[in-house]
Structures are given as structure tokens and as C-alpha cells.
Amino acid sequence: MVMPFDALADVSDDALLVLFANGDADAARALNVRLTPRAFAQAMRMLRDRAEAEDVAQEAMLRLWRIAPEWRQGEAKVTTWLYRVVANLSTDRLRRRRTVDLDTVPEPEDGTASVTETMQERSRMAALTAALECLPERQRQAVVLRHIEGLGNPEIAQIMDISTEAVESLTARGKRALTAELAGRREELGYSDG
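The sections below set out a description of the structure shown in this document. Residue numbers restart at each chain and count upward from 1, following the sequence in its written direction. Where totals are concerned, whole chains, interfaces and linings use all residues; where local detail is concerned, this predicted model gives features only for residues with pLDDT of at least 70, and gives and counts side-chain atom pairs only at 80 or more. Calculation of side-chain values draws on the structure's entire complement of heavy atoms; hydrogens and water are dropped beforehand.

### Some thoughts on the pattern of salt bridges
In what follows, salt bridge is the name for a side-chain nitrogen of Lys or Arg lying within 4 Å of a carboxyl oxygen of Asp or Glu. Counted by the stated rule, this structure contains twelve salt bridges. Across the salt bridge formed by Arg34 and Asp13, the nearest N and O atoms sit 2.7 Å from each other. Residue Arg34 is found in helix H2 (residues 25-47), and its partner Asp13 is found in helix H1 (residues 13-21); the two are separated by 21 residues along the sequence. Between Glu59 and Arg63 there is a salt bridge, with the nearest N and O atoms lying 2.9 Å from each other. A residue pair is termed a helical-turn pair when its members lie 3 or 4 positions apart in one helix, as Glu59 and Arg63 do in helix H3 (residues 50-67) at four residues. Note on exposure labels: buried denotes an accessible area under 20% of the residue type's maximum, exposed denotes more than 50%, and partly exposed covers the range between, all computed with a 1.4 Å probe on protein chains only. The class for Glu59 is partly exposed, based on a relative accessible area of 25%. Within this structure, Glu59, Arg63 and Arg66 form a network of salt bridges that share partners. Helix numbers and strand numbers start at the N terminus; a helix is a DSSP run of H or I with at least 4 residues, a strand a run of E with at least 2.

### Thoughts on H3
What a helix should span is 1.5 Å times the count of its residues minus one. Between the first and last C-alpha of H3 there are 26 Å, a value that for 18 residues agrees with the 26 Å anticipated at 1.5 Å per step. When we look at burial in H3, the residues that qualify are Glu52, Ala53, Val56, Ala57, Ala60, Met61, Leu64 and Trp65. Its side-chain oxygen 3.2 Å from the backbone nitrogen of Ala51, Asp49 forms the N-cap of H3. The term polar contact refers here to a pair of N or O atoms within 3.5 Å; inside protein, the definition further demands a hydrogen-donor-capable atom paired with an acceptor-capable atom, and it admits residues adjacent in sequence only when both atoms are side-chain atoms.

### Looking at the nonpolar core
Among the nonpolar cores identified, the biggest contains 27 residues, and Leu17, Leu31, Leu35, Leu64, Leu82 and Val86 are the most heavily contacted of them. Secondary structure elements with two or more residues in this core: H1, H2, H3 and helix H4 (78-97). If one sorts the elements of this core by residue count, H2 sits on top with nine residues. The criterion used for residue contact is that any of the two residues' heavy atoms lie within 4.5 Å. When sequence neighbours within four positions are dropped, the list of residues in contact with Val86 reads Ala39, Gln42, Ala43, Val56 and Ala60. The definition of a nonpolar core used throughout is a set of buried Ala, Val, Leu, Ile, Met, Phe, Trp, Tyr and Cys residues joined through side-chain atoms within 4.5 Å. Core analysis: the next-biggest nonpolar cluster, separate from the first, contains twelve residues, Tyr83, Ile156, Val167 and Leu170 among them.

Pasting the structure below:
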């Protein structure tokens, strides 16, 4: 019997993974719809390449399916595990390519904003991307997970396999470096002090 898709909306990620491991295809679909966009978004932010981000998200989800039978509920959050796998896969790809040409990074598309707003947002994103590129890899990863993904420090610590204090230090140093890098461009980027 196929369950209505919204019947699984309130079921936790852990429970869905256990249901999948026991052969529940509806649980697999629900978990896939819930987690694949998150995995893709994190990979996209780290890699800034759609095709590579799709590959990383797909590989991370395949690894999740493979570990499902051994999953022990309560030991870690499924999302924490997934973010860590995506971060590791993305880092491996970044190490292989070593440099990123910012001119090859596709600009985000926004069909609802005016031309001026779109141009302003593109300038801001390009400035942020360039500023993030100036950060050491671990600082960049911590800043993205904290301030773009919105994760808490304990979850970031698990993903990066470091202490919470190290996360706080990395994000604080990264934020200071970004502020210094972008300080002289406030007016150019459309931020007024008033």
C-alpha cells in the first residue's frame, strides 16, 4: 500500500531512514525529497559548480542509503551526518582542482527582481564569493555552514570533526576577515550607513 506523501511529513529523518532500511519505498522518497536539496545547496555553496554539486549530492545520498541498515538512531542527526559527507566530498573535489576561476562561476538567477536589483545582488554575491575565496578552506567552510546554512556551532563541530570552541574561533576569524575584505566596498555594494 502506498502512503500519501504528506503522511510522512511529520516523521523524523531518523525514523524515515530506519523505515527505508526495512524496505519502505515511501520513506525513501520522503527522505530523498527532504534531504537532497540540502545536500545540493551545501555542495553548490562549496563548489560553485552545478554539475559537481549535483554529483556530490547524489553520491552523498547513495552513501546514506548504503549505511541505512546500520543506522543507530539517537547517535547523530541524519542531517549532521549528511552535511559532513557533503563537506568531505566537496573538499576532496576542491583539493583536486585547487583553483577556481571566479569568471566561470555562474551568477544566480532571479526572475522576480528588477534589473537594478539583480545587478546589485550579483555584485554583492560576486564580492562575497571573492571575499570567501580569500579565507583559508576551514574558515570558509565554518563561515558558510554557520552564516549561510544557518547551522549551530555544535552541529558544525560534528560536521568538521573539531571542537565547538574551534568552530567559534574559525567563524569569528572568518567573519573578521570578510568584514575587513569588504569594508571599503559598502557604498559600491549599495549598503548605506543611514
